[in-house]
Amino acid sequence: MDRSSLLQLIQEQQLDPENTGFIGADTFAGLVHRHELPLDPAKLDMLVALAQSNERGQVCYQELVDLISSKRSSSFKRAIANGQRALPQDGLLDEPGLGVYKRFVRYVAYEILPREVDRHWYFYRHRSCPPPVFMASVTLAQIIVFLCYGARLNKWVLQTYHPEYMKSPLVYHPGHRARAWRFLTYMFMHVGLEQLGFNALLQLMIGVPLEMVHGLLRISLLYLAGVLAGSLTVSITDMRAPVVGGSGGVYALCSAHLANVVMNWAGMRCPYKLLRMVLALVCMSSEVGRAVWLRFSPPLPASGPQPSFMAHLAGAVVGVSMGLTILRSYEERLRDQCGWWVVLLAYGTFLLFAIFWNIFAYDLLGAHIPPPP
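All figures in this text were calculated on a predicted structure; none of them were measured in a lab. (Residues numbered from 1 in each chain as written. Predicted model: local features only at pLDDT ≥ 70, side-chain atom pairs only at ≥ 80, totals over all residues. Heavy atoms only, no water.)

### Observations regarding the packing of aromatic side chains
Heads up, the rule is: A pair of aromatic rings is counted whenever rings of Phe, Tyr or Trp (Trp by its six-membered ring) have centres within 6.5 Å, and the orientation is called stacked for planes under 30 degrees apart, edge-to-face for over 60 and tilted otherwise. Helix numbers and strand numbers start at the N terminus; a helix is a DSSP run of H or I with at least 4 residues, a strand a run of E with at least 2. Exposure is judged per residue with a 1.4 Å probe applied to protein chains only, and the accessible area is read against the type maximum: over 50% gives exposed, under 20% gives buried, and values in between give partly exposed. Remark: a charge is flagged as sitting over a ring if the NZ atom of Lys or the CZ atom of Arg is within 6 Å of the ring centre and within 35 degrees of the ring normal.
Scanning all chains against the criterion turns up eight aromatic pairs. The interplanar angle of 55 degrees and the centroid separation of 6.0 Å between the aromatic rings of phenylalanine 296 and phenylalanine 309 together place this pair among those described as tilted. Taken together, the residues span a long stretch of sequence, with phenylalanine 296 in helix α13 (residues 273-296) and phenylalanine 309 in the loop between α13 and α14 (310-327) at a distance of 13 residues. Residue phenylalanine 296 is classed as exposed on the basis of its relative accessible area, which comes to 60%. With relative accessibility at 14%, the residue phenylalanine 309 sits in the buried group. Between the NZ or CZ atom of lysine 273 and the centre of the ring of tryptophan 265, over which it lies, the distance is 4.8 Å. Here the guanidinium or amino end of arginine 295 rests over the ring plane of phenylalanine 296, the centre of that ring lying 5.6 Å away.

### Observations regarding the pattern of salt bridges
What counts here: Salt bridges are counted wherever a side-chain nitrogen of Lys or Arg sits within 4 Å of a carboxyl oxygen of Asp or Glu.
A full pass over the atoms with the stated rule returns six salt bridges. Two residues, arginine 290 and glutamate 287, come together in a salt bridge whose shortest N-O distance is 2.8 Å. One end of the pair, arginine 290, and the other, glutamate 287, are both in helix α13, three residues apart, so they sit about a helical turn from each other. Each member of the pair, arginine 290 together with glutamate 287, is buried.

### Description of the packing of helix α12 (residues 247-263) against α14
Definition in use: Convention adopted: a line fitted to C-alpha atoms gives each axis, helices being fitted over their contacting stretch, and angles between N-to-C directions are expressed from 0 to 180 degrees. Every angle not falling under 35 degrees, over 145, or within 65 to 115 is termed oblique; those three ranges are roughly parallel, roughly antiparallel and roughly perpendicular. Here a crossing is taken to be left-handed if its near helix is turned anticlockwise relative to the far helix by less than a right angle, and right-handed if that turn runs clockwise. The contact rule is simple, with two residues in contact once any of their heavy atoms fall within 4.5 Å. For this scheme, ten residues count as nonpolar: Ala, Val, Leu, Ile, Met, Phe, Trp, Tyr, Cys and Pro. Four count as charged, namely Asp, Glu, Lys and Arg, and the remainder, Gly too, count as polar.
Across the interface, α12 lies against α14 with an axial gap of 6 Å and an inter-helix angle of 45 degrees. Taken together, the axis directions place α12 and α14 in an arrangement best described as oblique. Here α12 runs over α14; the crossing is right-handed. Contacts between α12 and α14 involve Ser247, Gly248, Tyr251, Ala252, Ser255, Ala256, His257, Ala259, Asn260 and Met263 on the former and, on the latter, Ala311, His312, Gly315, Ala316, Val318, Gly319, Val320, Gly323, Leu324 and Leu327. For the contact of α12 with α14, the residue count by class is eleven nonpolar, nine polar and no charged.

Take a look at the structure:
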């Protein structure tokens, strides 16, 4: 139902005869049932929440229009946080007769969202089109690039030890800082099968559900912000090292999701969450340890310095700051939140500092970087 149709219906039924700007929730709900309007159960639950956050049990007309139009509004979160209503007693786990895909959507809702009303809202609003194409496309591209270089170099583990590996136009190398695309395209290259497998698994297990819930735009922004922050951090803190792998983006997604789970621990309904949290932290720590070992292990004479591990840490910082802000803002406009602008300002300041650092600091400090391949 669009805004004009809703306005016409309210005027015809005289739901607000005194033009107060508020409409009784019971009156509107009765209208929905009488006229069999296509309003899903999640929106009816939200309507009750908005009404019970009002002392007179009424809904602001603008909030009602936003609700029908499925617009992101902070009114939803305020109504839920008000605590003046009980959530529906029947959860999504009790929904009978679901197909395979709908059961997967229900699984995603319980994995990602901490509140039952948000899970209902997502479950009934979710559409299979468009699918979560970003994380799937990135993962597929990384696999294809790895297979191409593996066949070309005839090496599938520790490819960075091969002297031809660093000649790729995708790898970030401090000697090629002027080629700005390398600050992003390094995410398609990987040290070996072990790093690719770890990143691809997390991108599909965590990235795809996050994209299904929060949308392509938000998750792609978070992932690419982690990737860019990773290469720029390496260019500042480990000036002689190259960077490969999508770990900056992966750690941005994982740290944001884990932080969101911890902050909403009581509301998360995913099974074995403590065990899974411990396993995730162990795996992520092990990957960082492997990267640290690789960075400081004696390199072969022809290979030069090995890739830095600082991209992992930079991605984690982006996830805890920017990512957590995004994941806590389900069905809300980011631009309406002060915290979002603070995070953007901090990230923009970091970008400007890193750009000036890459332009001037290497010459001023006399950094001895390895010759570009």
